[in-house]
Amino acid sequence: EKTKLNLIQLHGNENNDYIKSLKKNFNIEIIKSIGIKNTEDFAKLESFSECDYFLFDYKPEELELPGGNAKRFDWSLLKKFTINKPWFLSGGLNINNIIEIKSNLFPYGIDISSGVEEKKGIKSLKKINDIMKKINEF
């Protein structure tokens, strides 16, 4: 309430009841992250009817970090499904694959993290500006 957030991005084991409670108590939109490894992972979408957006990300292996791995899932899987909510793409995004995203996938938005780092955990203003220029070329 103090920060006047418009959106919350959830990356944990939240369920639909929790999402509904957040929306009711804080009048806020919810982005639910879904880790994708194969087509079976898209079945999870039905469990989150209360969220407003999906964020599709690489699903880490057992010993990997939960995010920031600079890895991507097979994006062609997205074309196999009708997704009934606006969605964001995350995981392994960088200046080298922005054209592929813009010309083939048409997400509502993108979430870039490690793709604009100069070293682990340190963002590069130059890389951020370069990727924004590339996005705006279309």
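Calculation rules
Residues numbered from 1 in each chain as written. Predicted model: local features only at pLDDT ≥ 70, side-chain atom pairs only at ≥ 80, totals over all residues. Heavy atoms only, no water. Phe/Tyr/Trp six-rings, centres within 6.5 Å; stacked < 30°, edge-to-face > 60°. Helix = DSSP H or I, 4+ residues; strand = E, 2+ residues; numbered from the N terminus. Buried < 20%, exposed > 50% of the residue type's maximum accessible area, 1.4 Å probe, protein only. Polar contact = N/O pair within 3.5 Å; in protein donor to acceptor, adjacent residues only side chain to side chain. Contact = heavy atoms within 4.5 Å. Core = buried A, V, L, I, M, F, W, Y, C linked by side-chain atoms within 4.5 Å. Salt bridge = Lys/Arg side-chain N within 4 Å of Asp/Glu carboxyl O. Arc of directions from axis to C-beta.

Caption draft 1: Broad picture of the packing of aromatic side chains. Scanning all chains against the criterion turns up seven aromatic pairs. Ring geometry for Phe 88 versus Tyr 108: centroids 5.5 Å apart, planes at 85 degrees, classification edge-to-face. You can see Phe 88 sitting in strand β4 (residues 87-90) and its partner Tyr 108 sitting in the loop between α2 (98-104) and β5 (109-111), a full 20 residues away along the chain. When its relative accessible area of 15% is taken as the criterion, Phe 88 is described as buried. A residue is classified by how much of its surface remains accessible, and Tyr 108, at 53% relative accessible area, is exposed. Put simply, the rings of Phe 42, Phe 54, Phe 56, Phe 81 and Trp 87 touch in pairs and so form one group of aromatic residues.

Caption draft 2: Expanded view of the side chain of Ser 124. Its location among the elements puts Ser 124 in the loop between β7 (122-123) and α3 (125-136). The class for Ser 124 is buried, based on a relative accessible area of 8%. A distance of 3.0 Å separates the side chain of Ser 124 from the backbone nitrogen of Lys 127, its partner in a polar contact. If we ignore the near neighbours within four places in the chain, the residues touching Ser 124 are Val 116, Glu 117 and Glu 118.

Caption draft 3: Spatial organisation of the nonpolar core. Of all hydrophobic cores here, the largest spans 27 residues; its most connected members are Phe 54, Phe 56, Leu 78, Trp 87 and Leu 89. When contributions to this core are tallied by element, the ones reaching two or more residues are α1 (16-26), β2 (29-36), β3 (53-58), β4, α2 and α3. The dominant element in this core, judged by the number of residues it contributes, is β2, at three residues. For Leu 78, the residues in contact, after removing those within four places along its chain, are Phe 42, Phe 56, Phe 73, Ile 83, Trp 87, Leu 89 and Leu 105.

Caption draft 4: Spatial organisation of the pattern of salt bridges. This structure, assessed with the given rule, holds seven salt bridges. Salt-bridge contacts for Glu 117 lead to Lys 123; the nearest nitrogen and oxygen are separated by 2.8 Å. Take Glu 117: its relative accessible area is 14%, and that puts it in the buried class. Among the salt bridges present, the one from Lys 126 reaches Asp 130, with a minimum N-O distance of 2.7 Å. Within this pair, Lys 126 and its partner Asp 130 are both found in helix α3, separated by four residues, close to a single helical turn. A network of salt bridges, in which partner residues are shared, links Asp 41, Lys 44 and Lys 59.

Caption draft 5: Up close: α1. Listed in full, the buried residues belonging to α1 are Asn 16, Ile 19 and Leu 22. Down the axis of α1, the smallest arc covering the buried residues is 125 degrees, so these residues share one side. Opposite the packed face of α1, turned more than 90 degrees from it, sit the exposed residues Asp 17 and Lys 24. Buried residues in α1 make contact with β1 (7-10) and β2.

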